[in-house]
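Chain residues, written in single-letter form:
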Number of protein chains: 2
Amino acid sequence: MSTTRPRLSILSLAAALLLAHPLAASANEEQPAARSAAEIIAAAPDSDWRTPDPDNLLYMTLPTGLVVFELAPQFAPRHVANIRQLARQGFWDNTSVYRVQDNFVAQFGDIHGEDADKRKPLGAADVALPAEFEVPSASVQFSALPDADGWSDAAGFVDGFAAARDNRSATIWMAHCYGMLGAGRNNAPDSSQAAELYVVTGQAPRNLDRNMSSVGRVIHGIERLSALPRGPEPMGFYEDRGQDTPILKVRLGSDVPADERLPLQLLRTDSASFAAATEARRNRRDAFYVRPAGHIDLCNVPLPVRLKS
Amino acid sequence: MSTTRPRLSILSLAAALLLAHPLAASANEEQPAARSAAEIIAAAPDSDWRTPDPDNLLYMTLPTGLVVFELAPQFAPRHVANIRQLARQGFWDNTSVYRVQDNFVAQFGDIHGEDADKRKPLGAADVALPAEFEVPSASVQFSALPDADGWSDAAGFVDGFAAARDNRSATIWMAHCYGMLGAGRNNAPDSSQAAELYVVTGQAPRNLDRNMSSVGRVIHGIERLSALPRGPEPMGFYEDRGQDTPILKVRLGSDVPADERLPLQLLRTDSASFAAATEARRNRRDAFYVRPAGHIDLCNVPLPVRLKS
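Since the model is a prediction, treat every value here as computed from it, not as a measurement.

### Here we look at the overall build of chain A
1) Next: The secondary structure content of chain A amounts to six helices and 17 strands.
2) Next: Here chain A holds 309 residues, and 60% of them are scored as buried.
3) Next: Here the contacts in chain A between residues at least 6 apart in sequence split such that 70% fall between residues at least 24 apart.

So this is what it looks like as structure tokens:
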């Protein structure tokens, strides 16, 4: 940056997106009200952070490390109950990530799930679950964004999950944003068993909203899924089992030994800090942005996670 | 799929998104009007496809294979002229992809670009380019989508590039959708030189629209960038030069020997086939979807590419 001839990095770009920008900081000395999202989050009081219930956490161990999910029983209680049961049985131990479709999903579970002779037994888990595509609006606390959403009447958040609302039917559902965890199914809406799961790793496929039972989201380690080699087009299923990524084990958070748990905390999506950070992203005021957008899309709002020290 | 007990794959899901769905095909026998997007594209007449100008193509050779870009001189003529010059000089040969930030961008060029002593010379290329963030609406042919766009007055397409329009200023710009190629810069809007480039590989960061000079998009091989290992947070710059992905060479399409060129064709975004395929995605009618969205987001519209046989 100390060159006389300007060279193009997007260091500044990234800083504007993710960090307190050094030039923005000096600008802030003149306009102290314009804190960056990162500064707002760093300054959030402890009361704006929540510690997730370990019964709602799923620890997946891949050869590269941990992926941690927060489950959403408020959206899919029967699916989440099945996931807890399957995790307790060690159902996913020695299964795999067998499908990675570019700009879409990573899917995991029992590669032999469709084969009556080879598939792993579901044990005490339910084999028949209802579709859990949406819930009554009155059953959850929804914090609406002021920004228009082309896919729904209102976009916002429920307990840290991106969600959307339909006014006529008075329903709310989890939105297919980056990192969302969903239950695969066949054509019948009630054909999911919460054993084969997918994570959104591409441009938000909101067309799947209200068509799938959404069960949670990744809160740690998504790069261990999103950077996996892509399977062949058009659907991303690996053709050779040697390409699958082994899943060493999956445990419910409450079954992980205390000294192996991560001290994960999540910024409350109904907190003043979250609203202020979102506004700082909607209208960026720093030395990099020429033109603040004046808008933010539901799936562009980061859901901050920290490791409590 | 021939099991008595339904097992959950999202085979059907993917099929609904990308393929002619087998059950949809049988449903189509009763409702012949409801063709899938894939069926519409497969049936598009040759006149709905275009062969890009080889002067607008950039062939990048990575150790894993080719990434091909189509450049957009209608949006950034000065940047594209510089890119052509730099490619002719072999500027990017033996440079690298040195930054991969999860859910955001892959960035490439000269890792020493900020170092006055080590950087590669730009040769006959311009060292000072104007900001090319948007163009007058009257200068391009814009096909607007009917779907609302929270980031602009209208979203649509210009010559195969996702774009958006502002009515008051009567300007149009390329939208930061998955696969877009942009020119990195420092804080000054005119500090890009089109030597350090980035590709969008995450949820569309539309907040960057009208803040960057957008120069084209990936039309082949994006998975060779999108699946690269992520660099460390928060910005994804690799810390160890051994982690960089070498770029073996970058050539302008017109400088690639005829027998090494790919017979790439792109579906015209102003064609009836494109409009029909987009409508088939906006309102999906097959055995998988319970509830068609009735909406499509600009960055969810695939821009079909084929290898002409």
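### Some thoughts on the packing of aromatic side chains
1) Next: Applying the stated criterion to the full structure yields 10 aromatic pairs over all chains.
2) Next: On the numbers, 6.1 Å between centres and 10 degrees between planes, the contact of Y98(A) with F237(A) is stacked. Of the two residues, Y98(A) sits in strand 4 (residues 95–101) while F237(A) sits in the loop between helix 5 (223–226) and strand 14 (245–247), which places them 139 residues apart along the sequence.
3) Next: By relative accessible area, which is 4% here, Y98(A) ends up buried.
4) Next: Between F288(A) and Y289(A), the aromatic rings sit 5.7 Å apart at their centres with planes inclined by 75 degrees, giving edge-to-face as the arrangement. When sorted by exposure, F288(A) lands in the same class as Y289(A), which is buried.
5) Next: One residue, R185(A), lies across the ring of F288(B), its end atom 3.8 Å from the ring centre.

### Here's the deal with empty space enclosed by the protein
1) Next: Evaluation of the coordinates by the stated rule reveals three cavities of 30 Å³ or more.
2) Next: Size it by volume and the largest cavity reaches roughly 90 Å³.
3) Next: Q203(A), D297(A), N300(A), Q203(B) and D297(B) are, among the 13 residues lining the largest cavity, the residues nearest its centre.
4) Next: Of the residues contributing to the lining of the largest cavity, the split by class is five nonpolar, four polar and four charged.
5) Next: One number sums up the size of the second largest cavity: a volume of about 40 Å³.

### Regarding the confidence of the model for chain A
The predicted coordinates should not be examined in detail at positions where pLDDT is low.
1) Next: Chain-level statistics for chain A give a pLDDT mean of 91 and a share of 89% at 70 or above.
2) Next: Counting contacts from residues 1–29 of chain A, a segment whose pLDDT is below 50, to residues more than four positions away or on other chains yields 93 contacts.

### Description of the state of the cysteines
All names here are of chain A.
1) Next: With the rule as written, the count across this model stands at two disulfides over all chains.
2) Next: Between the sulfur atoms of C177 and its disulfide partner C299 the distance amounts to 2.0 Å. A torsion of -70 degrees about the S-S bond marks the disulfide between C177 and C299 as left-handed. Linking C177 in the loop between strand 10 (171–174) and strand 11 (180–183) with C299 in the loop between helix 6 (272–282) and strand 17 (305–307), this pair joins segments that are 122 residues apart in sequence.
3) Next: The class for C177 is buried, based on a relative accessible area of 7%.
4) Next: A residue is classified by how much of its surface remains accessible, and C299, at 8% relative accessible area, is buried.

### Description of the pattern of salt bridges
Residues and elements named next belong to chain A.
1) Next: A complete count under the given rule lists 26 salt bridges over all chains for this structure.
2) Next: D147 is the salt-bridge partner of R282, the closest N and O atoms lying 2.8 Å from each other. In this pair, R282 sits in helix 6 while D147 sits in the loop between strand 7 (143–144) and strand 8 (154–158), placing the two residues 135 residues apart along the sequence. Residue R282 shares its accessibility class with D147, and that shared class is buried.

### A short note on the sheet that holds strand 16 (residues 264–267) of chain A
Residues and elements named next belong to chain A.
1) Next: Strands sit in the order 1-16-17 across an open sheet of three strands; the sheet is antiparallel. Edge positions in the sheet fall to strand 1 (49–50) and strand 17, since each of these pairs with one other strand and no more.
2) Next: Relative to strand 17, strand 16 is paired through three bridges, and the arrangement is antiparallel. Note on strand 17: the bridge partner recorded for L266 is V305.

### Side note on the environment of A164(A)
Residues and elements named next belong to chain A.
1) Next: Along the chain, the position of A164 falls in strand 9 (residues 161–166).
2) Next: For A164, a relative accessible area of 0% translates into the label buried.
3) Next: Taking C-alpha positions, A164 is 8.5 Å from D149, a pair spaced 15 residues apart along the chain.
4) Next: Dropping the residues within four chain positions of it, A164 is found in contact with F142, D149, S152, A154, A155, T171, I172, W173 and R206.

### Things to note about the side chain of E132(B)
All names here are of chain B.
1) Next: Looking at the secondary structure, you find E132 in the loop between strand 5 (105–109) and strand 6 (135–136).
2) Next: No salt bridge is formed by the buried E132. Its closest oppositely charged neighbour is R78, at 5.9 Å.
3) Next: Residues in contact with E132, not counting those within four places in the same chain, are F75, A76, P77, R78, H79, M212, S213 and S214.

### What about the environment of S271(B)?
All names here are of chain B.
1) Next: Its place among the elements puts S271 in the loop between strand 16 (264–267) and helix 6 (272–282).
2) Next: S271 gets classed as buried once you look at its relative accessible area, which sits at 7%.
3) Next: Expressed as a C-alpha distance, the spacing of S271 and S47, which sit 224 residues apart in the sequence, is 8.8 Å.
4) Next: A polar side-chain atom of S271 sits 2.7 Å from the main-chain carbonyl oxygen of R268.
5) Next: In this structure the side chain of S271 is engaged in a polar contact, spanning 3.1 Å, whose partner is the backbone nitrogen of F274.

### Focus on the sheet that holds strand 17 (residues 305–307) of chain B
1) Next: Spatial strand order, 1-16-17 (chain B): three strands in an open sheet with antiparallel pairing. In this open sheet, the two edge strands, each paired with only one partner strand, are strand 1 (49–50) and strand 17 of chain B.

### What about the environment of Q89(B)?
1) Next: Within the element layout of this structure, Q89(B) appears in the loop between helix 4 (77–88) and strand 4 (95–101).
2) Next: Leave out the neighbours within four places in its chain, and Q89(B) touches L122(B), G123(B), A124(B) and A125(B).

### So, helix 4 of chain B
Residue and element names in this part refer to chain B.
1) Next: The terminal C-alpha atoms of helix 4 lie 17 Å apart, and with 12 residues this matches the ideal 16 Å at 1.5 Å per residue to within 8%.
2) Next: By the burial criterion, the buried members of helix 4 are H79, V80, N82, I83, R84, L86 and A87.
3) Next: Tucked inside the fold, the buried residues of helix 4 contact strand 2 (57–62), strand 3 (65–71), strand 11 (180–183), strand 12 (197–200), strand 13 (213–220) and strand 15 (249–252).
4) Next: At the exit of helix 4 stands G90, carrying a positive phi of roughly 70 degrees.

### Brief notes about unusual backbone geometry
1) Next: Of note, the bond from E233(A) into P234(A) is cis; its omega dihedral lies within 30 degrees of zero at 5 degrees.
2) Next: Tracing the backbone through its elements, the reader meets P234(A) in the loop between helix 5 and strand 14.
3) Next: One non-glycine residue with positive phi stands out, namely R210(A), at about 65 degrees.
4) Next: Structurally, the position occupied by R210(A) is in the loop between strand 12 (197–200) and strand 13 (213–220).
5) Next: The backbone phi angle of D159(B) is positive, close to 50 degrees, even though this residue is not glycine.

Analysis parameters
Residues numbered from 1 in each chain as written. Chains lettered and ligands numbered in written order. Predicted model: local features only at pLDDT ≥ 70, side-chain atom pairs only at ≥ 80, totals over all residues. Heavy atoms only, no water. Helix = DSSP H or I, 4+ residues; strand = E, 2+ residues; numbered from the N terminus. Buried < 20%, exposed > 50% of the residue type's maximum accessible area, 1.4 Å probe, protein only. Contact = heavy atoms within 4.5 Å. Phe/Tyr/Trp six-rings, centres within 6.5 Å; stacked < 30°, edge-to-face > 60°. Lys NZ or Arg CZ within 6 Å of the ring centre and 35° of its normal. 1 Å grid on protein atoms, 1.4 Å probe; cavity = no way out; pocket = protein on both sides within 12 Å on 5 of 7 lines; lining within 4 Å. Points joined across faces, edges and corners; volume = space filled by probe spheres on them. Nonpolar A, V, L, I, M, F, W, Y, C, P; charged D, E, K, R; others polar. pLDDT = per-residue confidence, 0-100. Disulfide = S-S within 2.5 Å. Salt bridge = Lys/Arg side-chain N within 4 Å of Asp/Glu carboxyl O. Pairing = 2+ DSSP bridges. Lys, Arg positive; Asp, Glu negative; His and termini not counted. Polar contact = N/O pair within 3.5 Å; in protein donor to acceptor, adjacent residues only side chain to side chain. Expected span 1.5 Å × (residues − 1).

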